[in-house]
There are 4 protein chains.
Amino acid sequence: MNGNSIGKALVLTCFGESHGACIGAVIDGCPAGLPLTEQDIQAEVNKRRPGFTQLSTKRREEDKVEILSGVYRGYTTGAPICMIVRNLDIKSEKYEKMRYKPRPGHADYTAYMKYSGYNDYRGGGRFSGRITVAYVMAGAIAKKLLRAINVEVLAHTTQIGKVKVKRSLSYEDIRRNTYQNPVRCADPEIAHLMEKEILEAAREGDSVGGIVEGVALNLPVGLGEPIFDSLDADIARMMFNIPAVKGVEFGAGFQSASMRGSENNDQYAIKEGRIITLTNNSGGILGGISNGMPLIVRVAFKPTPSVSKKQRTVDLRMKKETWIEVSGRHDPCIVPRAVPVAEACLAFVLADHAIRSQKIPRVLKKR
Amino acid sequence: MNGNSIGKALVLTCFGESHGACIGAVIDGCPAGLPLTEQDIQAEVNKRRPGFTQLSTKRREEDKVEILSGVYRGYTTGAPICMIVRNLDIKSEKYEKMRYKPRPGHADYTAYMKYSGYNDYRGGGRFSGRITVAYVMAGAIAKKLLRAINVEVLAHTTQIGKVKVKRSLSYEDIRRNTYQNPVRCADPEIAHLMEKEILEAAREGDSVGGIVEGVALNLPVGLGEPIFDSLDADIARMMFNIPAVKGVEFGAGFQSASMRGSENNDQYAIKEGRIITLTNNSGGILGGISNGMPLIVRVAFKPTPSVSKKQRTVDLRMKKETWIEVSGRHDPCIVPRAVPVAEACLAFVLADHAIRSQKIPRVLKKR
Amino acid sequence: MNGNSIGKALVLTCFGESHGACIGAVIDGCPAGLPLTEQDIQAEVNKRRPGFTQLSTKRREEDKVEILSGVYRGYTTGAPICMIVRNLDIKSEKYEKMRYKPRPGHADYTAYMKYSGYNDYRGGGRFSGRITVAYVMAGAIAKKLLRAINVEVLAHTTQIGKVKVKRSLSYEDIRRNTYQNPVRCADPEIAHLMEKEILEAAREGDSVGGIVEGVALNLPVGLGEPIFDSLDADIARMMFNIPAVKGVEFGAGFQSASMRGSENNDQYAIKEGRIITLTNNSGGILGGISNGMPLIVRVAFKPTPSVSKKQRTVDLRMKKETWIEVSGRHDPCIVPRAVPVAEACLAFVLADHAIRSQKIPRVLKKR
Amino acid sequence: MNGNSIGKALVLTCFGESHGACIGAVIDGCPAGLPLTEQDIQAEVNKRRPGFTQLSTKRREEDKVEILSGVYRGYTTGAPICMIVRNLDIKSEKYEKMRYKPRPGHADYTAYMKYSGYNDYRGGGRFSGRITVAYVMAGAIAKKLLRAINVEVLAHTTQIGKVKVKRSLSYEDIRRNTYQNPVRCADPEIAHLMEKEILEAAREGDSVGGIVEGVALNLPVGLGEPIFDSLDADIARMMFNIPAVKGVEFGAGFQSASMRGSENNDQYAIKEGRIITLTNNSGGILGGISNGMPLIVRVAFKPTPSVSKKQRTVDLRMKKETWIEVSGRHDPCIVPRAVPVAEACLAFVLADHAIRSQKIPRVLKKR
């Protein structure tokens, strides 16, 4: 019982490996009548490509999107949409010698054990961050669907290593600044410090983690299907399926554990005829259902496990202890490239729920 | 497209409302041949009952478990198991006057909007913490299944309000101490401070939140079905379906965002013939798959939203601003009673995955 | 991986055994705002009760419907609806001696093997026709949902043993006559012959099978989700889950195999402004999608396997050949009682698809 | 809520259109360690290719299979397997003029209505028989999985138009003869008559239907997950998702409706230490579970709806009556080419259930 599909009304099935022929996504349940081109998808995929700076991997993938089905004359047809990007810049030799020596922090050991060594281990195979290009392709469609009901989805870096965004950022800051710097931070000054944090770690053959915040604006009230498909539950599930994620929180999140109820409760008021809350500690979700306030989710990423420092490991065949120095091409911090991924994941879950709630129709407009 | 079922090989379907006839759970997919009695379930349900102290609600439910199907002559039959507890101590009057005045922090507003006011609002209805008795019933079966493959699941309180467990606790501490005090904390001294924290808030008509840690010991390597049914993703999803949860993290969790890769990576070694890691920052999960080390998950609960302090709200019919003072019977801190719930949720997901991975057979033993 | 749930937007989870405490159904996904009482369900369940004639079992079950959740003040709330009927007239002794001697034509042997003997074998347990009372409860809700969009669902007996309805029946015949006779046949004269066919078989300690036809009128065009949830595929799946069903066909069905294309094709015309077909060999489904014409499905039932004639069987413990004479209370022909069951099954699938297609809203009307 | 995935442990997701870029299948849940090459899939796909005789379409597709993921060094890895065949011989012009004139018997009208005209109508688009190449690719993997537990799956034509196989055929006949003639009939003499039946219809610009029988030998006892994923229910559902199928029956099928119970029941005996039944009217399934006897399913296909005779239809834009003469390349009888498709569908469901029942392990062999 594998689990390579997700979503109920909008379903993403994902395939492909880091060093295989391609990474692919099949989207089933996209309403008919959505204008969609390869360029729409490409624009999102490009946001995830490495920045050609010292901050990121030297693997150079063109990541050219091909739509194989489900679109005709520029519109979605209601049939499943298959999209792929081919893997072109593959260097697998290095992985051969590490095959039986699991890299600490990677899925090498668990994948080897689960699949008795049949797994494609090259470049992490199915467990590579590269698979997230499929999430971004799916997210590109989701974002277009959400835009049709005026929902906007954003994401930005709020922490890299020990460097954190401290001041409160406006949504306009996030919109405008995030993609203006290589770390995808909406505060330009902090962005600079974050870059330094990464470069410093890289210089030492080490890596750093960080935090990405996702935001959804203008959500309708009523998305989420408690008790088991609560909106937060489904978003959290999707986020934890991004490699390297170790924590997810909404609104005040872990901080709310030490707050008083009277302080944490978001009280109601009316503003311009709409019911709003005066604070947003809930992060826009109450009882697993969107309340119309901005949805706020934060996702913690561990540091890239690939570090060139010498580490202890074991030889899986010999069952004896040994050492490993991980070479290969990798990002010293994956957080900047995880920003469009988290954004896509958030958008995907929201679009799925918007269809489930019948906020998005089965056919977008009648001809 | 509702979402009142969860799990793939072991499926929990949940029904019932706080002030309806009963709370019920149907478990489909439980292997045949598991010895099971109502007492087995009752013992777990009792852990969740209020403690009859000032720390908890005055609602007195006997919570007597009835098994309606799926068990014959003391063994599971392979057919779905339906279990219910009846609601007996119901006082619904208070809720009538609050019907159109949503309580801040509760699901009143979102449920009203989603179901156009048809939702059963009494006592929070479907959104009450009372529904978690179904999770505990399901968890009781899951724990028995896991015990059959020697897996142990524990949970304990690590924070209440601003009071945190500081010292490192052994699993033996957790096993022995957790249920020796009303706050379900494995450190007896801290437990005392936590009690005071709750009582102080209660005295002020306020409430506090906290953190529960779940632990699974002796897990086989290989549970989890990436890329979308990763073990951590499925556990997080389940946890976020517990009312009041605002954050979930595994191992070093949010802390890992500020760590270096060389520090965060868990290096491998061999101990008594088994492959282990020297640290456990991953919390026992790598690439969404269990690695055989203790699984560590932490769950943040917001403070109980029911506080007697005056709060701003709106009248949903009149669409105007107003005030509310929430009365009713409720826990000033739900964390102690959430301990067996989180434990049950963790056990449920692990048992589901153990069956999916074929670590638990379809029939437990042949006659 | 059990399979005791069915449907995607409207989901039926079924539990209970023939001689257990009750038979139960949980319906998840019923829109909020549907007026619903126990009497609504009871009326449908009563149609399935044995007729108190020689044609049917002597087991006398009151089949009193209890709604345990999901309904408040006479309306569905959007939460899952659990309904049960208790088993009261249970005589299990006879089954004890047959425990290891599988009755030919029943599921005794396969259930014993699949669950290693842990299955509740009393009265056929989970494999008894009695479980279909759950289908009828679900169907009662489905029929109310369909009525809200003007869809009518009917069923009637078209064959019992060798006696077949020959003349063409109007929908008015079916509506008016079906429940006027104990065999549920819309042709009163044939009904008489069918009764005789059953009684003759019964007198000889034998049994007969038959065919039930289901009809849905006024369906919207567009129900069905090809390519794998085609409307006919989902209906067929549901029907084959009724015990004793051995064949399902739509429209011209098996007959179409020997027709020419020019003869079998239903040509289009316009009648009163609506597009219709001049014939209905397709049975109202083209490409797995409803075309707005009457949906016609026929379901073949094998004769009741319980016959008092001596039959060869084996002793499962001794692994040796032996004989059996099946006693117990059973219908010499289950077809008449299968009529409301097939009707319920058809209605259930149609309602599920009507919600999936957004033809039925998530909330039926706003207050 | 689309429905382009099927199966629970082995999941097939299908994409592609008749005149789009390709037809594709993603198989999720295939155990790791199965030897698999493109040639394995190709061999099955070739059986479905048109026979280059007057019996079949003039569309010439190479149908070259490409595996895009999930296989490494000749073995399945446990990751999803994506396979495609490209569409090369496309002639779409003819369809343009028929766009608003639905062809009787095809899905043109229902697809147009469901997707408001956004569907890709060229060559039937998503509703073309061409999509069944995806079923055959999935079936090729399923057959290899079944062979690993010694299960054999066969299919053959038993009726074309009015010509039926009359004599009883041995399994050896079916194995040996089926693919020796263009109609895929295991009785060589009848095959000859069937050919004539097709050619006669073709000459008249008409078409014929027929019946395909599927057989599975050496099945383990215990496949099938009642009550809603009964083995027969799942097989029937899969079969009805083959375009043009109008009926499905098991064992004695519709015939059993007119049989007596004493005659229809399959009595038990012991043969060479194994429990068998003396007849096989059940078609190998009792209570939705395989009983170890040969599984027998028969599938009725309607005649190809594309006939060149003049037919009445409507103009969808003008909403007025008109005429159509269907040209285009099509088979005068699709039954011969449906044989490998039905075989694949049967194999797919059986493999899914064999994994669900844990008869096939998650990893096929340990290295």
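Refer to the preceding data block for the structure.
This write-up is about the structure you can find in this document. (Residues numbered from 1 in each chain as written. Chains lettered and ligands numbered in written order. Predicted model: local features only at pLDDT ≥ 70, side-chain atom pairs only at ≥ 80, totals over all residues. Heavy atoms only, no water.)

### Notes on the relation of the copies chain A and chain C
Rotating chain A by 180° and moving it 0.0 Å along the rotation axis overlays it on chain C with an RMSD of 0.0 Å. The symmetry that links the two subunits is that of a two-fold axis. Considering only C-alpha atoms, the part of chain A nearest the rotation axis is Gln358 of chain A, at 3.4 Å. The overlap is high: 100% of the interface residues of chain A also sit at the interface in chain C, so the same surface is used on both sides. (Least-squares fit on C-alpha atoms with pLDDT ≥ 70 in both. Contact = heavy atoms within 4.5 Å.)

### A closer look at the interface of chain B and chain A
Each side of the interface is counted separately: chain B has 107 residues, and chain A has 107 residues. Roughly 8700 Å² of surface becomes buried between chain B and chain A when both sides are summed, with 58% attributable to carbon and sulfur atoms. Of all residues in chain B, Phe228, Lys246 and Tyr268 of chain B give up the largest surface area on contact with chain A, accounting jointly for 10% of the area buried on that side. Our enumeration of links across chain B and chain A arrives at 12 salt bridges. Note that Glu200 of chain A and Arg260 of chain B form a salt bridge whose closest N and O atoms lie 3.8 Å from each other. Per-element accounting of the side of chain B that touches chain A gives the leading share, seven residues, to helix H7 (residues 231–240) of chain B. (Buried area = accessible area lost by both parts, 1.4 Å probe. Salt bridge = Lys/Arg side-chain N within 4 Å of Asp/Glu carboxyl O. Helix = DSSP H or I, 4+ residues; strand = E, 2+ residues; numbered from the N terminus.)

### Re the interface of chain A and chain C
Between chain A and chain C, the residue contacts involve nine residues of the former and nine residues of the latter. Both sides of the chain A and chain C interface together cover about 680 Å² of buried area, and 38% of this is carbon and sulfur. When the area that chain A buries against chain C is broken down by residue, the three leading residues are Met1, Gln358 and Arg362 of chain A, summing to 76%. Across the salt bridge formed by Glu225 of chain C and Arg362 of chain A, the nearest N and O atoms sit 2.8 Å from each other. Across the chain A-chain C interface, the total number found is eight residue pairs in polar contact (both at pLDDT 80 or more). By residue class, the composition of the side of chain A that touches chain C is four nonpolar, two polar and three charged. (Polar contact = N/O pair within 3.5 Å; in protein donor to acceptor, adjacent residues only side chain to side chain. Nonpolar A, V, L, I, M, F, W, Y, C, P; charged D, E, K, R; others polar.)

### As for the environment of Gln267 of chain D
Within the secondary structure, Gln267 of chain D sits in the loop between helix H8 (261–264) and strand E12 (268–271). Residue class for Gln267 of chain D comes out buried when judged on its relative accessible area of 18%. Here the alpha-carbon distance between Gln267 of chain D and Leu278 of chain D, two residues 11 residues apart in the chain, equals 5.6 Å. Setting aside its immediate chain neighbours within four residues, Gln267 of chain D contacts Pro104, Gln311 and Arg312 of chain C together with Ser262, Ile276, Thr277, Leu278 and Thr279 of chain D. (Buried < 20%, exposed > 50% of the residue type's maximum accessible area, 1.4 Å probe, protein only.)

### Side note on the environment of Ala351 of chain C
Residues and elements named next belong to chain C. Within the element layout of this structure, Ala351 appears in helix H9 (residues 335–356). As a C-alpha pair, Ala351 and Arg147 span 204 residues in sequence and 9.8 Å in three-dimensional space. Setting aside chain neighbours within four positions, we find Ala351 in contact with Leu10, Ala142, Leu145, Leu146 and Ile360.

### Let's talk about the sheet that holds strand E3 (residues 22–28) of chain B
All names here are of chain B. A sheet is described by the order of its strands in space; here five strands give the open sequence E1-E2-E3-E7-E4, paired in antiparallel fashion. Edge positions in the sheet fall to strand E1 (5–6) and strand E4 (65–67), since each of these pairs with one other strand and no more. When E3 meets strand E7 (residues 81–86), the two strands line up antiparallel, connected through six bridges. Residue Ile27 lies in a different strand from E7, and its bridge partner there is Ile81. (Pairing = 2+ DSSP bridges.)

### Overview of the sheet that holds strand E16 (residues 295–301) of chain D
Strand order in the open sheet made by the 10 strands is E9(C)-E8(C)-E10(C)-E16(C)-E11(C)-E11(D)-E16(D)-E10(D)-E8(D)-E9(D), with antiparallel pairing throughout. Because the sheet does not close on itself, it has two edges, and the strands there are strand E9 (163–164) of chain C together with strand E9 (163–164) of chain D. Packing of H9 of chain C onto the sheet brings it into contact with strand E8 (152–160), strand E10 (210–217) and strand E16 (295–301) of chain C, and relative to E8 of chain C it is tilted by some 145°. The strands touched by helix H6 (residues 188–203) of chain D within the sheet are strand E8 (152–160) and E9 of chain D, with E8 of chain D carrying the most contacts at an inclination of about 55°. (Axes fitted to C-alpha atoms, helices over the stretch in contact; angles between N-to-C directions.)

### Side note on helix H4 (residues 132–147) of chain C
Helix length check: H4 of chain C (16 residues) gives 22 Å between terminal C-alpha atoms against 22 Å at 1.5 Å per residue, within 8%. Most of H4 of chain C sits inside the fold, with 15 of its 16 residues counted as buried. (Expected span 1.5 Å × (residues − 1).)

### Details of the layout of surface pockets
The volume enclosed by the largest pocket comes to roughly 1600 Å³. Lining the largest pocket are 46 residues; nearest its centre among them are Glu249 and Phe254 of chain C together with Glu249, Phe254 and Gln255 of chain D. Per-class residue counts for the lining of the largest pocket are 18 nonpolar, 16 polar and 12 charged. For the lining of the second largest pocket, the secondary-structure elements that each account for two or more residues are strand E8 (152–160), helix H5 (171–177), strand E10 (210–217) and strand E16 (295–301) of chain A. Residues of the lining of the second largest pocket, tallied by class, amount to 10 nonpolar, 10 polar and seven charged. (1 Å grid on protein atoms, 1.4 Å probe; cavity = no way out; pocket = protein on both sides within 12 Å on 5 of 7 lines; lining within 4 Å. Points joined across faces, edges and corners; volume = space filled by probe spheres on them.)

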